[in-house]
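Topology and contacts: notes
The residues making up each chain are set out below.
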Amino acid sequence: MSGQSIQIGDYKVTAFSDGLFQTNIDVTVGVDKQMTQQISGKSLSDPVYLAVNTFLVEGRGVRALVDAGTGDTMGPELGKLPENLTAAGVRLDSISHILLTHIHPDHSNGLIDPQGQPYFPKAELVVQDIEYEFWVERELSQAAHERQRGNMVRARASVAPYVKRTTRVSDGEFLPGIIAQMSPGHTPGHNTWIVEGGGESLMIWGDTIHMDFLQLQNPDIAFIFDTDPQQAIASRKRLLDKTSADRTRIAGMHLDFPGFGYVKRREGRYFIENDK
């Protein structure tokens, strides 16, 4: 499904869904599990359904997709991005760039179809240099645990068809009004993509927030998916403070679809409100 579009200067940004990911609050780390149950009103095993969103940025001759979804790798409730793009009249071979926030399965496995061929045959793959090195170029023996090793294997397969049209970036403007800015911790090269124009800006913040009902009340809550939980917490707090102070519109991959909003802070607590 496609959802709300917003205009940022010359760019139109449209939310697309890849589906829903089922998990639970027991995936938190470094915090009291009783506290997370009290905050959420859920038991550790209650199902939690997280949106998996992507965002299409169009304008100035660019048709850039921020993240690529899961492909066929994470169950029947996911992998809907290609059909949702097609249903909205967006040809997959018209995508000019894939701007990755990071190389985790729910963001990059959807680069390829079940046969290992690229879904986006003309797209340039763009990713932070340190992120690419961590997931694609390190020896598999350097993985911290088996889950990470499996993600490394899958990352190599997903990016392989794009190897001749991959651009590795550092912080700064990549395209006019489209800026890469690292927010490390969730992964070493986790990246926010900032779209600017007409005096407005949108921060597509990737996985800064996974479960808003927990992490907005307590930004110190981290997850087993975080490569460096303490660094992820620091990045989250920094971005929450920045976006609430300057009223930068945000878009999140795991916020309820369509994922747009504004961060506000009242009485020491953060909220995300829609941007109407």
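Described in the following lines is the structure provided in the data block. Position numbers for residues count from 1 along each chain, tracking the sequence in the order it is written. Only residues with pLDDT of at least 70 get local features here, since the model is predicted, and only at 80 or more are side-chain atom pairs given and counted; chain-wide, interface and lining totals rely on the full set of residues. Side-chain calculation: all heavy atoms of the structure are included, whereas hydrogens and water are not.

With that settled, consider the nonpolar core. The set of buried Ala, Val, Leu, Ile, Met, Phe, Trp, Tyr and Cys residues whose side-chain atoms join them within 4.5 Å is what this entry labels a nonpolar core. Per-residue accessibility, obtained with a 1.4 Å probe over protein chains only, is compared with the maximum for each type, and a residue is labelled buried under 20%, exposed over 50%, and partly exposed between these values. Core analysis: the biggest nonpolar cluster contains 28 residues, and Leu65, Leu85, Ile95, Ile98, Leu111 and Phe120 have the highest contact counts within it. The set of elements that each furnish at least two residues to this core consists of helix H2 (81–87), strand S7 (124–128), helix H4 (129–137) and helix H5 (146–159). Each helix is a run of DSSP H or I of at least 4 residues and each strand a run of E of at least 2, with the numbering of both proceeding from the N terminus. Looking at this core, the element that brings in the most residues is H4, giving four residues. Two residues form a contact once any of their heavy atoms are found within 4.5 Å. Ignoring sequence-local partners within four residues, the contact set of isoleucine 98 consists of Leu65, Ala68, Leu111, Phe120, Ala123, Glu124, Leu125 and Val126.

This next bit is on the pairing of strand S15 (residues 260–266). Two strands form a pair only when DSSP identifies at least two bridges running between them. In this sheet, S15 lies alongside strand S14 (residues 249–251) in antiparallel orientation, the contact comprising three bridges. Bridge pairing in S15 links isoleucine 250 to glycine 261. Sheet topology note: the S15/strand S16 (residues 269–273) ladder contains five bridges and is antiparallel. When the bridges of S16 are listed, arginine 265 appears paired with tyrosine 270. Between the antiparallel neighbours S15 and S16 lie two residues, among them glutamate 267 with a positive phi of about 50°.

Let us look at the sheet that holds S7. Strand order in this open sheet of seven strands is S1-S2-S4-S5-S6-S7-S8, and the pairing throughout is mixed. Of all strands in the sheet, those with a lone pairing partner are strand S1 (2–8) and strand S8 (166–169), marking the two edges. In this sheet, adjacent strand axes meet at a mean angle of 25° when their direction is disregarded. One ladder, built from four bridges, connects S7 with S8; its direction is parallel. Bridge assignment links leucine 125 to a residue of S8, and that residue is threonine 166. Contacting S7 and S8, H4 crosses the sheet at an angle of about 100° to S7. Note on geometry: axes are C-alpha line fits, over the in-contact stretch for helices, and angles between N-to-C directions span 0 to 180 degrees.

This brings us to the pattern of salt bridges. Each reported salt bridge corresponds to a side-chain nitrogen of Lys or Arg within 4 Å of a carboxyl oxygen of Asp or Glu. For the structure shown, the criterion picks out 11 salt bridges. With a shortest N-O distance of 2.9 Å, aspartate 129 and arginine 168 are connected by a salt bridge. Residue aspartate 129 is located in helix H4, and its partner arginine 168 is located in strand S8; the two are separated by 39 residues in the primary sequence. On the basis of relative accessibility, which here comes to 34%, the residue aspartate 129 falls in the partly exposed class. The exposure class of arginine 168 is partly exposed, given its relative accessible area of 34%. In this structure, the salt-bridge partner of aspartate 241 is arginine 265, at a minimum N-O distance of 3.2 Å. Here arginine 265 lies in strand S15 and aspartate 241 lies in helix H7 (residues 229–246), a separation of 24 residues in the sequence. Using a relative accessible area of 35% as the deciding quantity, one classes aspartate 241 as partly exposed. Salt bridges here are not isolated pairs; linked through shared partners, they connect Asp129, Glu137 and Arg168.

Relative to strand S10 (residues 178–182), strand S9 (residues 172–175) runs antiparallel, the two being bridged by three bridges. Considered in S10, the bridge of glycine 172 is made with alanine 180. Summarising the sheet, S10 and strand S11 (residues 191–197) pair through five bridges and their orientation is antiparallel. Each residue of the ladder has a partner; that of alanine 180, found in S11, is tryptophan 193.

Bringing the packing of aromatic side chains into the picture now. Working definition: a ring pair exists when centres of Phe, Tyr or Trp rings (six-membered ring for Trp) sit within 6.5 Å. Plane angles under 30 degrees give stacked, over 60 give edge-to-face, the rest tilted. Applying the stated criterion to the full structure yields four aromatic pairs. With centroids separated by 4.9 Å and ring planes inclined at 80°, the aromatic side chains of phenylalanine 134 and tryptophan 135 adopt a geometry described as edge-to-face. Note on accessibility: phenylalanine 134 and tryptophan 135 belong to one class, buried. An angle of 70° between the planes, with centres 6.3 Å apart, marks the rings of phenylalanine 174 and tryptophan 193 as edge-to-face. Linking phenylalanine 174 in strand S9 with tryptophan 193 in strand S11, this pair joins segments that are 19 residues apart in sequence. The buried category is assigned to tryptophan 193, whose relative accessible area is 0%. Our definition puts a charge over a ring when NZ of Lys or CZ of Arg is within 6 Å of the ring centre and also within 35 degrees of the ring normal. Sitting above the plane of the phenylalanine 134 ring, arginine 138 keeps its charged end 3.7 Å from the centroid. The lysine or arginine in question, arginine 247, covers the ring of tyrosine 262, its NZ or CZ lying 4.3 Å from the ring centre.

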